[in-house]
Amino acid sequence: MTRPILIKNAEVFAPEKLGRRDIFIAGGRIVAMEESLEGLSVPGLETIDACGAIVTPGLIDQHIHVTGGGGEGGWKSRCPELVFSELVKAGVTTFLGVSGTDSMSRSIENLLAKVRGLKQEGASGWMWTSNYSYPVTTITDSVKTELFAIPEVLGVKIALGDHRCSFPSMEEVRSIVADVRVAGMLTGKTGFVHVHLGDYTSSFDIFDGIVASGLPIKHIRPTHVARHPAVFERAMGFAKQGGWIDITTGGGNYMGCAADAYDMAVENGVPVNRITMSSDGHGSMPRFNEAGEMVGLGVGSIMCNIETVQELARRHDLTTALLPMTRTVAEALTLEGKGVIEVGADADLLILNAEHEITDVFMGGVQQALDKLAVRGDHSGLVDGFFILAGEQDPVVGLLDLRPANLALFRHRHKGVVVHLLNLILGQPGHGDEVEQHHQQHGHHVVEDQRLFRGMDLIHGSFLLSLGAETDRNSASELVCILWTTAILAPCGRTVQKTICERKAADFILETRLIEIFAAFFR
């Protein structure tokens, strides 16, 4: 059972701006919200003073490859699974899991199990059954039974207009839509066909034929609509006819970023309440040549959602920025109690700072406070968080999340935080650049030229970092991460978590003097 929480002095965007409010949370829901709830007395009440910080609904992402996408480039191109901490860090409190190209090794049973696991950890989750293949891939014997028997299934995914799809006919797709519609009527789920769009506009000819035959447009939900000019043109027409279109925040939009696609759609007369956004997180981002051969592959991140909110807020306002991933998508998918801050709604909340960066996340009334470490002294501009210490070129898994936009001492977006830390630690401007340069030239090898570290024998041996791969030695920035986290945790009587695992404890030797410098810095 969740403990009751009172959030005071919150600047609420519900997503509409409501102004300063106190929010009382109990039983996973918002029980009361007033300008002041002073004097509220509830046993076990925890009070959090937001001090004027922004509180918004948690983000909803309807397209995450939670079991990993990819595979188009062979075995080594399979994308990794999503982990719960990624949802928290990205402010995604509600998600829909989805499968992709790989219908051979990525089973729908595995997708369901992953969705349920993430739900048990605290998120709200649903899923689209099937993948790119036709006939559709289901756990049960039919699409209808899938929606009827599995609570997490809101609809079916198919792929159209893509060289990796099965190219079902209009009649075959219409049959899927009809089954989904009937199952939705029986279960109260509405029922949707979530359509991956490729670069061929023929998909919309199929949609037009289905709608002309009498099936409601609300059941057809195309995504990745802005990756090709002709497809986006048809998608905007589809939305103006009453359909919903989903823009991918994770890249691939031909005109630029997701915010550019949003602006173009609105400028062309698409109603804002017909535009949703999703990340395509943990899906593959393949690049193909004219012969259809894959020449490159990336992995989608879900952080692009909050980054898109920040960009749209800069261009417009925060309400406009929030709508496609809060109220609009919740209404589009008929997710009751999601995407809004109001009495009776689920207590899925984000607390943002003035730069619209996430500082706290609540899922179902539970604060997902990730092992935070207080930063004291004259360095209060640092942000304490969890798991990623990242320079843009060399992300490193650590126990602190130092977001470049919030760093008072190390503010620099191009070289990354690590270089600035090295400059500070080594006490010589430019010295960190020299170390990082050495690292870039020599790959994942420890800096063997001890002159760079002023003769200090810093480390021996090697580690296994949870970056999805083994490295025999450590880069300079990984070394700084290890020293930093150890120095902070040691005075607290704590140990470095398994994020950084020693291969041979006897070989792990830290320079005492440098640890003392770190520890003193954070006292």
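Computed from a prediction, not measured in an experiment: that's the story for all the values here. (Residues numbered from 1 in each chain as written. Predicted model: local features only at pLDDT ≥ 70, side-chain atom pairs only at ≥ 80, totals over all residues. Heavy atoms only, no water.)

A.B. asks: Whenever I open this one, the environment of Gly 298 confuses me. Can you help?
C.D. replies: Tracing the backbone through its elements, the reader meets Gly 298 in strand β15 (residues 294-299). Taking the C-alpha atoms as reference points, Gly 298 and Gly 283, separated by 15 residues in sequence, lie 8.4 Å from one another. Aside from chain neighbours lying at most four places away, what touches Gly 298 is Gly 283, Ser 284 and Met 285. (Helix = DSSP H or I, 4+ residues; strand = E, 2+ residues; numbered from the N terminus. Contact = heavy atoms within 4.5 Å.)

A.B. asks: Looking at this structure, how should I read the confidence of the model for the protein?
C.D. replies: Any segment with low pLDDT has predicted coordinates that should not be analysed in fine detail. Mean pLDDT over the protein stands at 78; residues scoring 70 or higher make up 69%. For the stretch residues 371-422, pLDDT sits under 50, and the model shows 134 contacts to residues farther than four places along the chain or on other chains. (pLDDT = per-residue confidence, 0-100.)

A.B. asks: When you look at the nonpolar core in this model, what are you seeing that I'm missing?
C.D. replies: The nonpolar side chains of soluble globular proteins are, as a tendency, buried together. Leu 87 and Phe 95 are the most contacted members of the largest nonpolar core, which totals 74 residues. When residues of this core are assigned to their parent elements, the largest contribution, 6 residues, is made by helix α6 (residues 229-240). In contact with Phe 95, other than residues within four places in its own chain, are Asp 61, Ile 64, Val 66, Leu 87, Val 115, Leu 118, Ala 123, Ser 124, Gly 125 and Trp 126. Ile 25, Ala 53, Ile 341 and Phe 362 belong to the second-largest nonpolar core, a separate cluster that totals 18 residues. (Core = buried A, V, L, I, M, F, W, Y, C linked by side-chain atoms within 4.5 Å. Buried < 20%, exposed > 50% of the residue type's maximum accessible area, 1.4 Å probe, protein only.)

A.B. asks: Would you mind going over the packing of helix α7 (residues 258-267) against helix α8 (residues 304-315) with me for this structure?
C.D. replies: Following both chains from N to C, one finds α7 and α8 inclined at 50°, their axes separated by 9 Å at the closest point. Classified by the angle between their axes, α7 and α8 sit oblique to one another. When you trace α7 past α8, the crossing you get is right-handed. Note on element contacts: α8 touches α7 through Thr 308, Glu 311, Leu 312 and Arg 315, opposite Ala 258, Ala 259, Asp 260, Tyr 262 and Asp 263. Split into classes, the residues belonging to the contact of α7 with α8 amount to 4 nonpolar, 1 polar and 4 charged. (Axes fitted to C-alpha atoms, helices over the stretch in contact; angles between N-to-C directions. Parallel < 35°, antiparallel > 145°, perpendicular 65-115°, else oblique. Left-handed = near helix turned anticlockwise from the far one by under 90°. Nonpolar A, V, L, I, M, F, W, Y, C, P; charged D, E, K, R; others polar.)

A.B. asks: Before we go on, may I ask you to explain a nonpolar patch on the surface in this structure?
C.D. replies: A cluster of nonpolar side chains, namely Phe 148, Val 182 and Leu 186, defines an oily patch on the protein surface of about 330 Å² accessible area. With respect to the helices and strands, Leu 186 occurs in helix α4 (residues 170-187). On the accessibility criterion, Leu 186 (62% relative accessible area) is exposed. (Patch = residues over 30% accessible without salt bridge, like charges linked within 9 Å, V, L, I, M, F, W, Y side chains within 5 Å. Areas by Shrake-Rupley, 256 points an atom, 1.4 Å probe, with all protein chains shown as cover. Salt bridge = Lys/Arg side-chain N within 4 Å of Asp/Glu carboxyl O.)

A.B. asks: Sorry if this is basic, but what is going on with the side chain of Arg 106 here?
C.D. replies: Relative to the elements of secondary structure, Arg 106 occurs in the loop between β7 (92-97) and α2 (108-121). Buried charge without a partner: Arg 106 forms no salt bridge, and the closest opposite charge is Asp 102, 4.0 Å away. From its side chain, Arg 106 meets the backbone oxygen of Thr 67 in a polar contact 2.4 Å long. In terms of polar contacts, Arg 106 uses its side chain to reach the backbone carbonyl oxygen of Gly 68, at 3.3 Å. The residues contacting Arg 106, other than those within four sequence positions of it, are Thr 67, Gly 68, Gly 69, Arg 78, Cys 79 and Ser 99. (Lys, Arg positive; Asp, Glu negative; His and termini not counted. Polar contact = N/O pair within 3.5 Å; in protein donor to acceptor, adjacent residues only side chain to side chain.)

A.B. asks: How do you make sense of α8 when you look at a structure like this?
C.D. replies: Since the α-helix turns once every 3.6 residues, residues separated by three or four places project in the same direction. In a regular helix each residue adds 1.5 Å, so 12 residues correspond to 16 Å; α8 covers 16 Å between its end C-alpha atoms and thus fits that length. For α8, the full list of buried residues reads Cys 304, Asn 305, Ile 306, Thr 308, Val 309, Gln 310, Leu 312 and Ala 313. (Expected span 1.5 Å × (residues − 1).)

A.B. asks: Would you mind showing me how to read the pattern of salt bridges here?
C.D. replies: Side chains that differ in charge, positive against negative, can pair when their charged atoms come close. Under the counting rule described, the total for this entry stands at 21 salt bridges. Residues Asp 346 and Lys 338 are paired through a salt bridge, measuring 2.9 Å at the closest nitrogen-oxygen approach. Asp 346 gets classed as buried once you look at its relative accessible area, which sits at 14%. What makes Lys 338 buried here is its relative accessible area of 7%.

A.B. asks: What is the right way to read the packing of helix α5 (residues 202-212) against α6 from this model?
C.D. replies: Two quantities define a packed helix pair, namely the angle between the helix axes and the distance between the axes. Where α5 meets α6, the axes come as close as 9 Å, and the angle between the chain directions of the two elements is 20°. Taken together, the axis directions place α5 and α6 in an arrangement best described as roughly parallel. For the crossing formed where α5 meets α6, the hand is left-handed. Between α5, through Phe 204, Asp 205, Phe 207 and Asp 208, and α6, the contact on the second element is made entirely by Val 231, Arg 234, Ala 235 and Phe 238.

A.B. asks: How should I be thinking about unusual backbone geometry in this particular structure?
C.D. replies: If a residue is not glycine, its phi is most likely negative; likewise, a peptide bond is most likely trans. Geometrically, the link from Ala 14 to Pro 15 is a cis peptide bond, its omega value of 15° lying close to zero. Looking along the chain, the bond that leaves Tyr 134 and enters Pro 135 is cis, with omega of 0°. Note on placement: Pro 135 falls in the loop between β8 (124-129) and α3 (143-149). In this structure, Cys 51 takes a positive phi of about 55° despite not being glycine. Within the secondary structure layout, Cys 51 lies in the loop between β4 (46-49) and β5 (54-57). The phi dihedral of Phe 167 is positive, around 50°, even though this residue is not glycine.

A.B. asks: What's the story with α7 in this structure? I'm lost.
C.D. replies: Among the residues making up α7, those that are buried are Ala 258, Ala 259, Ala 261, Tyr 262, Asp 263 and Ala 265. Summarising the contacts, the buried residues of α7 are in contact with α6, β12 (245-248), β13 (275-278), α8 and α9 (318-322). Positive backbone phi, at 90°, marks Gly 269, one or two positions downstream of α7.

A.B. asks: What is the right way to read the environment of Ala 32 from this model?
C.D. replies: Residue position: Ala 32 is located in strand β3 (residues 29-34). When the C-alpha atoms of Ala 32 and Glu 342 are compared, they prove to be 8.1 Å apart, with 310 residues separating the residues in sequence. Other than its neighbours up to four places away in sequence, Ala 32 contacts Asp 22, Ile 23, Phe 24, Leu 37 and Val 343.

A.B. asks: Before we go on, may I ask you to explain the pairing of β3 in this structure?
C.D. replies: One face of the sheet, then the other: side chains in a regular strand alternate in exactly this way. Alignment of strand β2 (residues 17-26) against β3, held across 5 bridges, turns out to be antiparallel. Paired with Ile 23 across the strands is Met 33, a residue of β3. From the end of β2 to the start of β3, which pair antiparallel, there are 2 residues, and Gly 27 there has a positive phi angle of about 60°. (Pairing = 2+ DSSP bridges.)

A.B. asks: Even after reading the chapter, I still don't get the packing of aromatic side chains, so can you show me in this structure?
C.D. replies: Each pair of aromatic rings is reported with the distance of its centres and the angle of its planes. By the definition in use, this model includes 6 aromatic pairs. Between Phe 167 and Tyr 200, the aromatic rings sit 6.4 Å apart at their centres with planes inclined by 20°, giving stacked as the arrangement. Residue Phe 167 is found in the loop between β9 (153-160) and α4, and its partner Tyr 200 is found in the loop between β10 (192-197) and α5; the two are separated by 33 residues along the sequence. Phe 167 sits in the partly exposed class, given a relative accessible area of 49%. Classification of Tyr 200 as partly exposed rests on a relative accessible area of 38%. Ring centres 5.9 Å apart and planes at 65° place the aromatic pair Phe 204 and Phe 238 in the edge-to-face group. (Phe/Tyr/Trp six-rings, centres within 6.5 Å; stacked < 30°, edge-to-face > 60°.)

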